Amino acid sequence: MAKVPGSADAIRDQFGPHLNFEPAGGWQHESQHAPDKLVKTHCCFCGQQCGIQLKVRDNRVVGFEPWEEFPFNQGMLCPKGVKRYLQSGHPDRLLDPLMRTDAGFRPTTWDEALGTTVRRLRELQAKYGRDAVAVYGGASLTTEKAYLVGKFARVALGTRHIDYNGRLCMVSAGTAYKPAFGADRSPIPWSDIPKAQVLLVIGANVGECAPITTSYIWRCRDRGGQLIVVDPRFTPIARNADLYLPVRPGTDLQLLMGMLHIVLRDGLENRAFIEAHTTGFEAVAESVKPYDPRAVAERTGVPPEAIERAAHMFAKAERAILLHARGLEHHSKGVENCSAAINLCLATGHFGREGSGCAMITGQGNGQGGREHGQKCDQLPGQRSIDDPKAREHVARVWGISPEELPGAGYSAVEIMEAIHRGEIKGLLSICFNPLVSLPDATFTREALERLEFFGVIDFFLSETAQHADVVLAGSLQEEEEGVVCTAEGRVVHIRKAVDPPGNARGDASIFCDLAARLGKGQYFPYREPREIFEELREASRGGIADYYGITYERLDREMGVFWPCPSEDHPGTPRLFEGGVSMHADGKCRFQLTPWRESGDPVDADYPVYLTTGRVVSQYLSGTQTRRIGALVEQYPEPRVEIHPRLAATFDVDTGDLVTVTTRRTELTLPCAVVKTIRPDTVFIPYHWAGDKSANRLTHRTIDPRSKIPEFKVSACRLAKAGQAHAQLPTATGASRV
């Protein structure tokens, strides 16, 4: 059973997280010695993938320089980007493969670690069947690795259960965009944002989660553009909004349908665009008739006058863009939320031209590219459906197998954990995924991990999840292997290798190739370097939706990225999708989608009367496996705190610094509170980057969207109580991490 061996304190002492404040060699060494080289590459800490130059000396990353020529960020970086180099050479870095012992972990040889992993996976599949083993991938992996993980699961292991932590990111958006337009990608390049006359930002804490996007919004404002922000929290970007709509958690769909109701009631729709470029309008128009502003105001908490004004501002603009992120997508009706956003853009004709459209803001490092090429449970490379016979035939041919050998669709990430918990899945191989922190209902996740008969992990730090592993295979950081990623705007960029993995750690791709060889499938994994994987990926994606065939490493360097689809080497790439309102469906039409309302999976009631919503802070990244080890980032926001409005705080007689117990239908958590005016009075907020007794995901619930399978992180029901004495170590609000 995969319980944490030995004591938790001993594990933390040995593997961290410890705080690192200095580059490899220290500041004095850094100041006295010039780097050996500067390597142009990209930041690993969000889906924007800002350009950065890493300073390398003695095979170690020791600092950075801005990369001002890279067009997306032009040298700008957020706090995480500035400090990202401190994870290289970190004292917690795994330098050897590890084997579990009764007292903890011991370093071992690669032969023993790989041999044990293969033997145990084989034993479980022989005893319980191929699907008794599952594979978890990561959305921060390069696209080559993501492709390799999907192929490894389906060809080397023959299991259908392969999914990834991008399931916790923008998958609701992708699930909505595909039926509407035929492709899952932001339709616009970010260079369109400054050209809009109105920006509607809904459920996107841009200032903290996608900081460089803020500069595009400011450029829009500088050109006279107007800004509407919709969020339960008055986020940093809202400070300069023309109109702020403080929507109640879980009611975004009502708001968007109410806005469309007003557009149609007042004749502000673009009939010419609707008739020429869409289908399904009449049914959607009929569906929004009950959503008059006063009824919507009652459900959303947004004044009816503000809803009217927002609808008119958006519809009357010549050019308007709607930006959304996890605040709209992390719901059990996340797909409907995104479809309602799309419907509003289609009805007003804000689509398919410069300065107009809708776009999702990707959160994870390779959230876009990581799901395009095969580690998503229902997709094959090129965004091909795994249920499409022609897609199966194409990919099987590229892989050198028969279509019948390809498994069908498997479970999503949350469903895999559910299957582990009920004993259906017995073994798990995971890379760069920390579900104990990032999945909802952490107690349930811990119980599931403890029921595994074998758990293998590939990672570069020993995350809280990896502490449950039987075998840990020391893998690589982004800068230690070459590859590509796809940014939030759909631009494929080149990740250059800067250094070799330290100690006995290895490149992730070579680990998978060795595992495949030991499983007797080495002939399908002959790659000596990532470039060879990419060449196969190009062919596997050829003719698909996400067509990379015309993209080469040399083009990416020369052109500073190429937007897909790019079907040939003389194709310029496609920065703006659906130009002229022409979708990728066979008839070229965009599809309106019906968006029926349904209640949250964890509704508030008399016992749990307060909304709990969770999210990110600017100084931390996802489950914190990397950023909770960087001292300067932890100092900005050392631990989670409960944001609470003064009116709600007064009912419990609490002030900033007091400890508050937050109780949901799962469990309770006691944290220091911060009394702020930047949140609705019926809502509290907790960031989710921490583990154990600081984990916000101990409180969240496992309800998922039935189509996208995304958990409903953004709304849980809770109650509050004052707890104990004031917390002595309440962090001081600093910089851009606070509103």
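Residues numbered from 1 in each chain as written. Predicted model: local features only at pLDDT ≥ 70, side-chain atom pairs only at ≥ 80, totals over all residues. Heavy atoms only, no water.

A. Here's a closer look at the overall build of the chain. A count of helical and extended segments in the chain gives 25 helices and 28 strands. Relative to the globule expectation of 27 Å for 739 residues, the C-alpha radius of gyration of the chain, 25 Å, shows essentially globular dimensions. Counting only C-alpha atoms, the chain reaches 70 × 65 × 60 Å along its principal axes. By residue count, 66% of the 739 residues in the chain fall in the buried class. Taking the intrachain contacts of the chain between residues at least 6 apart in sequence as the baseline, contacts between residues at least 24 apart amount to 75%. When the accessible surface of the chain is totalled, it reaches about 23700 Å², and 49% of it is carbon and sulfur. Of the side-chain charges in the chain, 87 are positive and 91 negative, and the distance between the mean point of each set is 1 Å. (Helix = DSSP H or I, 4+ residues; strand = E, 2+ residues; numbered from the N terminus. Rg over C-alpha atoms; globule rule 2.2 N^0.38 Å. Buried < 20%, exposed > 50% of the residue type's maximum accessible area, 1.4 Å probe, protein only. Contact = heavy atoms within 4.5 Å. Areas by Shrake-Rupley, 256 points an atom, 1.4 Å probe, with all protein chains shown as cover. Lys, Arg positive; Asp, Glu negative; His and termini not counted. Charge placed at Lys NZ, Arg CZ, Asp CG, Glu CD.)

B. Quick look at the sheet that holds strand 21 (residues 562–563). Spatially, three strands are ordered 19-20-21 in an open sheet, and the strand pairing comes out antiparallel. The outermost strands of the open sheet, each flanked by one partner alone, are strand 19 (483–486) and strand 21. Direction of pairing for strand 19 relative to strand 20 (residues 491–495): antiparallel, over a ladder of four bridges. From the neighbouring strand, Cys486 faces strand 20, where its bridge partner is Val492. (Pairing = 2+ DSSP bridges.)

C. How the structure looks around the sheet that holds strand 26 (residues 668–675). Ordered by their spatial adjacency, six strands build a closed barrel running 23-27-24-26-25-28, and the pairing between neighbours is mixed. Put simply, the sheet's adjacent strands are angled 45 degrees from each other on average, direction ignored. Relative to strand 28 (residues 716–723), strand 25 (residues 659–663) is paired through five bridges, and the arrangement is antiparallel. Bridged to Thr663 within strand 28 is Arg719. (Axes fitted to C-alpha atoms, helices over the stretch in contact; angles between N-to-C directions.)

D. Structural context of the pattern of salt bridges. In total, this model carries 55 salt bridges according to the counting rule given. Linking Arg167 and Asp163 is a salt bridge whose minimum nitrogen-to-oxygen distance equals 2.8 Å. The class of Arg167 is buried, set by a relative accessible area of 2%. Classification of Asp163 by relative accessible area gives buried; the value is 0%. Here Asp602 ties to Arg666 by a salt bridge, and the two come within 2.9 Å at their closest N and O atoms. You can see Asp602 sitting in the loop between strand 22 (590–591) and strand 23 (610–615) and its partner Arg666 sitting in the loop between strand 25 and strand 26, a full 64 residues away along the chain. In this structure Arg666 comes out as partly exposed when scored by relative accessible area, which is 26%. If you follow the salt bridges from partner to partner, you end up with Glu336, Arg598, Asp705 and Arg707 in one network. (Salt bridge = Lys/Arg side-chain N within 4 Å of Asp/Glu carboxyl O.)

E. Layout of the side chain of Ser619. When you line up the elements, Ser619 lands in the loop between strand 23 and helix 24 (631–636). Only 3.5 Å separates the side chain of Ser619 from the backbone oxygen of Leu633, close enough to count as a polar contact. If we ignore the near neighbours within four places in the chain, the residues touching Ser619 are Lys80, Thr627, Leu633, Gln636 and Tyr637. (Polar contact = N/O pair within 3.5 Å; in protein donor to acceptor, adjacent residues only side chain to side chain.)

That is the geometry; function is a separate question.
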